[in-house]
Amino acid sequence: MSIKSYIFVFLLLFISVEVAQAQPLAPPTLYYHYSPTGNRMVCYVGYAKIAVNPDEQEEYTETLDSIKFNIYPNPTKGLLKVTINTEVKIDDLKIELYDINGKKFIEKSVISTEIELDITDAYKGNYLMKVFVNDKPYYWNILKE
């Protein structure tokens, strides 16, 4: 056997030993990137992008606990719209908006799943919006321009 054959066999054995000792792959990890206002903008599984930037869309959509929330426009100049789509029966629906100091700015119990909040009189800045669906809270940061 020639020296090239020995080197080839040695490399083949080395590679097969390395492959046999390789650790199994870890389950995929989810990574999220958020906008300055705190809205989830992009979701990655490992390095694969699975969600698009909501700035490229008219509406920001997020599905939590089989409830689809559409919140737009965020940032807003005054009129904020929230639409909730779900197969779950909604017995109680309430929206609260807090300023940066934690003071409740708006509290609204609603019947419809299409809600409009008029915050044109509010100061520019960040607000925390809580949407209670059947007493379970969901949170978003809202930016008033």
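Each chain has its residues counted from 1, following the order in which its sequence is written. Side-chain atom pairs in this predicted model are given and counted only at pLDDT of 80 or more, local residue features only at pLDDT of at least 70, and totals for whole chains, interfaces and linings cover all residues. Working from all heavy atoms in the structure, the side-chain values ignore hydrogens and water.

Draft legend 1. Representation of the packing of aromatic side chains in the model. Only Phe, Tyr and Trp rings take part, Trp by its six-membered ring, and two of them pair if their centres are within 6.5 Å. Stacked means planes under 30 degrees apart, edge-to-face means over 60, and tilted covers everything else. If you walk through the whole model with that rule in mind, you get three aromatic pairs. For the ring pair Phe 105 and Tyr 127, a centre distance of 5.7 Å and an interplane angle of 45° mean the geometry is tilted. Within this pair, whereas Phe 105 is found in strand 8 (residues 104-110), its partner Tyr 127 is found in strand 10 (residues 125-133), the two being separated by 22 residues in sequence. Every member of this aromatic cluster is reached through a ring pair, and the members are Phe 69, Tyr 138 and Trp 140. The aromatic ring of Phe 132 is capped on one face by Lys 94, whose charged end is 5.1 Å from the ring centroid. Counting from the N terminus, the helices are the DSSP runs of H or I reaching at least four residues and the strands are the DSSP runs of E reaching at least two. For a Lys NZ or an Arg CZ to count as sitting over a ring, it must be within 6 Å of the ring centre and within 35 degrees of the ring normal.

Draft legend 2. Summary view of the environment of Leu 143. With respect to the helices, strands and loops of the structure, Leu 143 is situated in strand 11 (residues 136-144). Only protein chains enter the calculation, and the probe is 1.4 Å; a residue is then buried if its accessible area is under 20% of its type maximum, exposed if over 50%, and partly exposed in between. Residue Leu 143 is classed as partly exposed on the basis of its relative accessible area, which comes to 24%. Separated by 66 residues in the primary sequence, Leu 143 and Lys 77 have C-alpha atoms spaced 8.6 Å apart.

Draft legend 3. Highlighting the nonpolar core. Residues enter a nonpolar core if they are buried and are Ala, Val, Leu, Ile, Met, Phe, Trp, Tyr or Cys, with the set joined through side-chain atoms within 4.5 Å. In terms of nonpolar packing, the biggest core is built from 22 residues, with Ile 84, Met 129, Val 131 and Ile 142 touching the most fellow members. Of all the secondary structure elements, the ones that give two or more residues to this core are strand 5 (67-72), strand 6 (79-86), strand 7 (93-98), strand 8, strand 9 (114-118), strand 10 and strand 11. The biggest single contributor to this core is strand 10, with four residues. Contact definition: two residues touch when any of their heavy atoms are within 4.5 Å. In contact with Ile 84, other than residues within four places in its own chain, are Ile 67, Lys 68, Phe 69, Ile 90, Leu 93, Thr 113, Ile 115, Val 131 and Val 133.

Draft legend 4. Quick peek at the pairing of strand 11. Strands were regarded as paired on the criterion that DSSP finds at least two bridges between them. For strand 10 and strand 11, the ladder comprises nine bridges, and the chain directions are antiparallel. Among the inter-strand pairings, Asn 126 is bridged to a residue of strand 11, identified as Leu 143. Hairpin connection between strand 10 and strand 11: a loop of two residues separates the two successive antiparallel strands, and Asn 134 in this loop has a positive phi of roughly 50°.

Draft legend 5. Region of interest: unusual backbone geometry. Geometrically, the link from Tyr 72 to Pro 73 is a cis peptide bond, its omega value of -20° lying close to zero. With respect to the helices, strands and loops of the structure, Pro 73 is situated in the loop between strand 5 and strand 6. A cis amide bond, omega 10°, links Asn 74 with the succeeding residue Pro 75. Examined against the element boundaries, Pro 75 turns out to sit in the loop between strand 5 and strand 6.

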